[in-house]
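Given next are the chains, with one letter for each unit.
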Amino acid sequence: VGAARARCARAQALLDGAPALLARLRHAILDAGLRGPWALAAVGDVARVQAGFAFKSAWYRDAGVRLLRGVNVAPQRTRWDDAVYLEPGRAREHSRYSLSAGDIVIAMDRPLIAEGLKVCRIAADELPCLLVQRVARLIVGDAVSAEYLYLYLQSRGFIAHLDARATGTQLPHVSADDIASARLPVPPLAEQREIVQAVARRLGRLARATQLHAGLRGALADVEQAVLARAFRGELGGEVCSARGAP
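Below is a short write-up of the structure. The structure presented is a predicted model; accordingly, all values stated were derived computationally and were not measured.

## A look at the overall build of the protein
- For the protein, the helix and strand inventory stands at 9 helices and 13 strands.
- A burial count over the protein gives 38% of its 247 residues as buried.
- For the protein, the share of sequence-separated contacts (at least 6 apart) that also reach a separation of at least 24 residues comes to 77%.
- For the protein, the accessible area works out to roughly 13500 Å², and carbon and sulfur atoms hold 55% of it.

What follows is the structure, given as structure tokens:
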């Protein structure tokens, strides 16, 4: 039993190191796609950075039009386990903060967590939804595609830019100007599309590797439980005796 559990522990140690490796590979894929002999431009020159509105908490309701707060923004996804709403009539008074499908949003309070930068895109089935203060929306112009800009916002270069400018220790915060002042390479739109497609293919392979890792972790846990169960039933001891030639 001890030897079997030791082998499981060694395998577990290898699997425990995989998430950090997968994260580094993801950043390497993004950085490689953004590397080229192109002119640099400020994010604010290729997209408008709009901060959300300070809706009063007294206006919050349990149903109606969803409000996108910082707590609802996670790396590459939204999370609605803590959702608040606004009455539809009041929401219409603030239509300039209405989000659209495909919008890129960034949390401005504690934007960097262990999982990564809290930036994601809004899906059509999440609408209607309004932008709340301390969350920024990036509205792209003609020079870049939303898909290309979204890749850049997940890169190590942009993350380092925000990390260097975040203020506050208990609740680090970045401003709209901090986001707008980051500089990104701007290839022609046709090249942007090619970059996005190439990165998507590589990230797809990485996603499959991540799923495989999750499956291996589950399988290893099942193996360890099976070993312990057989040991408690006395089945492993019999096998050991047989292997040694004992009666």
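## Points about the sheet that holds strand S6 (residues 85-86)
- Strand order in this open sheet of 3 strands is S6-S3-S11, and the pairing throughout is mixed. This sheet does not close on itself; its edge strands, each paired only once, are S6 and strand S11 (129-131).

## Side note on unusual backbone geometry
- The residue after Leu127, namely Pro128, is reached through a cis peptide bond having omega -5 degrees.
- With respect to the helices and strands, Pro128 occurs in the loop between strand S10 (119-121) and S11.
- Phi at Gln76 is positive, roughly 60 degrees, even though this residue is not glycine.
- Topologically, Gln76 is positioned in the loop between strand S4 (73-74) and strand S5 (77-78).
- The phi dihedral of Arg134 falls on the positive side, at around 70 degrees, and the residue is not glycine.
- Looking at the secondary structure, you find Arg134 in the loop between S11 and strand S12 (135-140).
- A relative accessible area of 41% places Arg134 in the partly exposed class.

## Comments concerning the sheet that holds S12
- With antiparallel pairing, the 4 strands of this open sheet are ordered in space as S2-S12-S7-S10. Edge positions in the open sheet fall to strand S2 (47-51) and S10, since each of these has one partner strand only. Taken pair by pair, the neighbouring strands of this sheet meet at an average axis angle of 25 degrees, ignoring direction.
- Note that strand S7 (residues 104-107) and S10 share 3 bridges and pair antiparallel. Bridge pairing in S10 places Ile106 opposite Val119.

What counts and what doesn't
- Residues numbered from 1 in each chain as written.
- Predicted model: local features only at pLDDT ≥ 70, side-chain atom pairs only at ≥ 80, totals over all residues.
- Heavy atoms only, no water.
- Helix = DSSP H or I, 4+ residues; strand = E, 2+ residues; numbered from the N terminus.
- Buried < 20%, exposed > 50% of the residue type's maximum accessible area, 1.4 Å probe, protein only.
- Contact = heavy atoms within 4.5 Å.
- Areas by Shrake-Rupley, 256 points an atom, 1.4 Å probe, with all protein chains shown as cover.
- Pairing = 2+ DSSP bridges.
- Axes fitted to C-alpha atoms, helices over the stretch in contact; angles between N-to-C directions.

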